Number of protein chains: 2
Amino acid sequence: MANRMPTSIHSYPMIGGDGPHSYIRNSSYQKAAIESVRTKTREAILAKTPNFDLNIYKIADFGCSVGSNTLDVVQNIIETLKLKRQQEENKGDNNEHPEFHVFFNDKPDNDFNTLFKTLPQYYLDREVFACGVPGSFYHQLFSRNSLHIGHTSNTLHWLSTTPEDVCNQNSQAWNKNSIHCTNLVNEVTQAYKKLFEKEIGAFIEARTQELVSGGLMIILGWCLPDGVKMIRTWKGVVFDMIEDCLIHMAKSGITSVEKVESFNLPIYFPQFNELKEVMEKNGCFTIEIMEEVKHPMEDMPLSNDFIASIFRTTMHGVIEEHFGDGVVDELLDRFAKELTKHPIDFKDCQKDMQYFIFLKRKTD
Amino acid sequence: MANRMPTSIHSYPMIGGDGPHSYIRNSSYQKAAIESVRTKTREAILAKTPNFDLNIYKIADFGCSVGSNTLDVVQNIIETLKLKRQQEENKGDNNEHPEFHVFFNDKPDNDFNTLFKTLPQYYLDREVFACGVPGSFYHQLFSRNSLHIGHTSNTLHWLSTTPEDVCNQNSQAWNKNSIHCTNLVNEVTQAYKKLFEKEIGAFIEARTQELVSGGLMIILGWCLPDGVKMIRTWKGVVFDMIEDCLIHMAKSGITSVEKVESFNLPIYFPQFNELKEVMEKNGCFTIEIMEEVKHPMEDMPLSNDFIASIFRTTMHGVIEEHFGDGVVDELLDRFAKELTKHPIDFKDCQKDMQYFIFLKRKTD
């Protein structure tokens with residue numbers, strides 16, 4: 001397999017990234033970010049994986065979605081496990097060819113068809129065994145003690161739903177004047193935080209069941225540095241711009257004020273220390289690594305096209321669900337125009353943080 | 001789970017089955033056929049399954065496609081295993097609640113999205129663990145000794161491709177005057193038979209690797225009673241009608257004579273004794289049951305709508321691949337009209353045969 005598994009990242013056209021300049025710029029940014037995470041993952045696995053001495057390695061990507069990200073992550077994990085094994089073989093420990101079983105998990109409405117059609121040839125040749133596992137990762141998805149490495153990337157800031165109180169007119173946490181958790185109103189923040197803690201707790205508990213003793217869980221995601229409010233980050237600014245567009249659309253009668261007031265994104269960026277607390281709470285894992293991911297191009301401002309494209313890709317579904325498809329396209333168009341007229345001033349924003357967490361399952 | 005798993009068959013609208021009379025008629029026919037197979041499967045599992053005494057049962061449906069068929073088959077297998085376990089528990093053998101892992105296999109271009117979206121709730125509640133496994137079942141798809149029960153239904157008469165010689169002008173087996181294996185020309189039959197034997201051999205060999213000692217393989221499919229020629233069955237008559245339609249379309253310039261002459265369905269119905277030979281050849285299974293499936297309504301003539309609908313559902317892909325999408329819709333329309341003008345005379349046809357095979361993996 002080593003000879004046949006390509007080492008390059010699969011490249012798919014970025015949605016909305018049509019300008020050659022912005023494409024090159026943003027793809028360099030993305031490549032730098034991906035490379036940084038890939039290196040970190042490789043180093044952590046080499047340093048922290050126990051000598052499983054297995055014939056079969058079972059690896060799951062939770063919330064895999066489709067495309068190059070999940071395929072690349074899994075490939076990196078497999079290559080690193082092979083490398084580690086080679087190192088052990090040189091010490092005479094092992095000379096079997098192990099099997100790798102990969103479980104791609106996402107909700108049943110994920111586009112598994114596209115994922116399966118874009119699997120590299122070595123999956124189809126069954127050098128690596130691939131399965132799709134439909135289901136919510138807030139529940140146990142695999143047998144007890146059956147997984148060796150779990151991974152999830154950019155999934156845990158998505159809540160399964162919006163906290164009830166932020167949509168409730170009679171609650172102190174009613175988030176009438178914003179569509180997200182700005183961190184300006186304590187009651188709103190607490191409502192979001194409570195749901196986040198409950199859901200990430202359920203996620204970790206489910207993985208506790210599934211991972212073998214010594215098994216690893218790699219978590220990548222977005223949070224806020226301690227003390228930073230969401231509203232001060234460029235992502236917070238984007239959410240506010242979206243809200244402005246929605247209000248204008250309500251005034252033009254394209255949607256209603258009530259619809260806008262009752263809309264809240266099911267997204268929560270925890271502060272770094274909140275995240276740490278949740279990770280420590282379960283008690284069945286040791287936190288081997290928990291740190292910020294940095295890369296050489298991280299301070300480069302993002303282009304408008306890139307921001308519009310990212311927003312379109314990630315938010316289309318949740319907006320469409322609340323407002324209907326007539327509104328979502330109009331909104332995304334208005335937002336793109338608004339960005340061109342008033343580009344985000346990155347110097348004026350505070351930074352959010354990409355985190356890397358590496359957990360090891362304790363022995364029961 | 002026993003309380004929540006519905007016992008009825010899931011019902012989806014039949015494609016093309018719009019006339020109330022024909023729907024009722026054909027659905028009764030189908031129900032009778034399904035019920036007959038279901039009873040046979042249940043009895044065979046109860047009588048022949050070893051006392052696995054397992055915590056986890058792994059079940060695979062090879063070539064699952066989508067819809068009620070695969071879900072119903074798997075549900076029947078699980079319910080039967082539970083029943084068998086209950087009987088054993090009453091004897092005091094076992095009182096654990098086992099897990100059931102179901103692997104839905106089909107080629108990567110199968111519509112797994114629809115399959116996953118239509119999974120009954122007990123899968124989403126993880127009372128049964130479901131995976132999609134993309135890949136060709138002519139290769140090993142699972143680890144050695146990892147499956148307990150395999151199943152495949154109406155898949156093995158489909159060859160992975162058309163035998164090379166039947167499309168080759170310079171071969172004795174060139175099948176110029178037909179689009180299928182009529183069994184009228186010995187060289188054509190031999191070319192189809194050779195490929196069929198190779199592929200079914202590969203299928204059985206792959207399952208030999210995957211099934212545990214004592215593991216079961218249930219195979220349902222279509223063949224011909226010994227001595228019956230395909231051309232004499234109603235399915236053979238249908239293929240000939242399709243060919244006539246294609247020839248008329250070539251004359252009208254909608255497709256070309258060369259296209260029609262080079263088209264051959266990748267379908268082979270073996271004679272019952274040929275099939276038996278192939279099953280015995282591998283040697284790693286005992287043939288516990290190999291017999292015809294009969295049901296009370298099998299001699300009832302099928303309606304034109306039903307035949308047109310079945311043909312459309314099963315043949316659309318293979319015709320489109322050869323002739324392009326412009327031709328396939330026109331062809332299916334012409335065929336439906338032709339059927340109305342000249343309905344099939346079932347009394348004049350010889351019967352093909354639905355077979356049921358139940359294999360048990362020998363101990364190595």
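Small disclaimer: the values here were computed from a predicted structure and weren't measured.

A. How the structure looks around the interface of chain A and chain B. Chain A puts 22 residues into the contact, and the matching count from chain B is 22 residues. For the side of chain A that touches chain B, the element with the highest residue contribution is strand E3 (residues 128–134) of chain A, accounting for 5 residues. Residue classes in the side of chain A that touches chain B are distributed as 11 nonpolar, 6 polar and 5 charged.

B. Main features of the relation of the copies chain A and chain B. In screw terms, the move from chain A to chain B is a rotation of 180° and a rise of 0.0 Å along the axis, fitting with an RMSD of 0.0 Å. Viewed as a symmetry operation, the transformation between the two copies matches a two-fold axis. Measuring from the rotation axis to each C-alpha of chain A, the shortest distance belongs to Gly132 of chain A, at 2.3 Å. Here 100% of the interface residues in chain A have copies in chain B that are interface residues too; the copies meet face to matching face.

C. Main features of the nonpolar core. Counting residues in each nonpolar core, the largest one holds 162 residues, and the members touching the most others are Val102 of chain A together with Val102 of chain B. Once you skip the residues sitting within four places of it in the chain, Val102 of chain A turns out to touch Ile59, Val74, Val128, Phe129 and Ala130 of chain A.

D. Region of the structure containing the environment of Lys84 of chain A. All names here are of chain A. With respect to the helices and strands, the residue Lys84 is situated in helix H2 (residues 68–90). What makes Lys84 partly exposed here is the crowd of 17 C-beta atoms within 10 Å. The sequence separation of Lys84 and Cys64 amounts to 20 residues, and the corresponding C-alpha distance is 25 Å. Apart from residues lying up to four places away in sequence, Lys84 is in contact with Ile45, Leu46 and Thr49.

E. Up close: the confidence of the model for chain A. Residues and elements named next belong to chain A. The share of residues in chain A with pLDDT of 70 or more is 90%, and the mean pLDDT across the chain is 88. Confidence, expressed as mean pLDDT per element, reaches its minimum in chain A at helix H1 (residues 20–48) with 75 and its maximum at helix H5 (residues 186–210) with 97. The model gives residues 1–23 a pLDDT under 50, and that stretch makes 35 contacts with residues more than four places away or in other chains. Interface scoring of the predicted complex returns ipTM 0.84; its pTM is 0.87.

F. Structural view of unusual backbone geometry. Residue and element names in this part refer to chain A. Of note in this structure, Asn183 is not a glycine but carries a positive phi near 75°. By secondary structure assignment, the location of Asn183 is in the loop between strand E4 (147–153) and H5. Asn183 gets classed as buried once you count the C-beta atoms within 10 Å, which come to 22.

G. Here's a closer look at the environment of Phe100 of chain A. Residue and element names in this part refer to chain A. As for its placement among the helices and strands, Phe100 is situated in strand E2 (residues 99–106). Using a count of 22 C-beta atoms within 10 Å as the deciding quantity, one classes Phe100 as buried. Placed 108 residues apart in sequence, Phe100 and Thr208 show a C-alpha to C-alpha distance of 21 Å. Not counting residues up to four positions away in its chain, the partners in contact with Phe100 are Tyr57, Ile59, Ile78, Val128 and Phe129.

H. Region of the structure containing the packing of helix H9 (residues 304–323) of chain B against helix H10 (residues 325–341) of chain B. Residues and elements named next belong to chain B. Two elements in contact, H9 and H10, have axes whose closest approach is 9 Å; the angle formed by their N-to-C orientations is 155°. Judged by the inter-axis angle, H9 sits roughly antiparallel to H10. With respect to the hand of their crossing, H9 and H10 are arranged in right-handed fashion. Facing Asn304, Ile307, Ala308, Phe311, Arg312, His316, Ile319, Glu320 and Phe323 of H9, the residues of H10 in contact are Asp325, Val327, Val328, Leu331, Leu332, Phe335, Ala336, Leu339 and Thr340.

Thresholds, definitions, all that
Residues numbered from 1 in each chain as written. Chains lettered and ligands numbered in written order. Predicted model: local features only at pLDDT ≥ 70, side-chain atom pairs only at ≥ 80, totals over all residues. Contact = placed C-beta atoms within 7 Å. Helix = DSSP H or I, 4+ residues; strand = E, 2+ residues; numbered from the N terminus. Nonpolar A, V, L, I, M, F, W, Y, C, P; charged D, E, K, R; others polar. Least-squares fit on C-alpha atoms with pLDDT ≥ 70 in both. Core = buried A, V, L, I, M, F, W, Y, C linked by C-beta atoms within 7 Å. Buried ≥ 20, exposed ≤ 12 C-beta atoms within 10 Å, placed from the backbone. pLDDT = per-residue confidence, 0-100. Axes fitted to C-alpha atoms, helices over the stretch in contact; angles between N-to-C directions. Parallel < 35°, antiparallel > 145°, perpendicular 65-115°, else oblique. Left-handed = near helix turned anticlockwise from the far one by under 90°.

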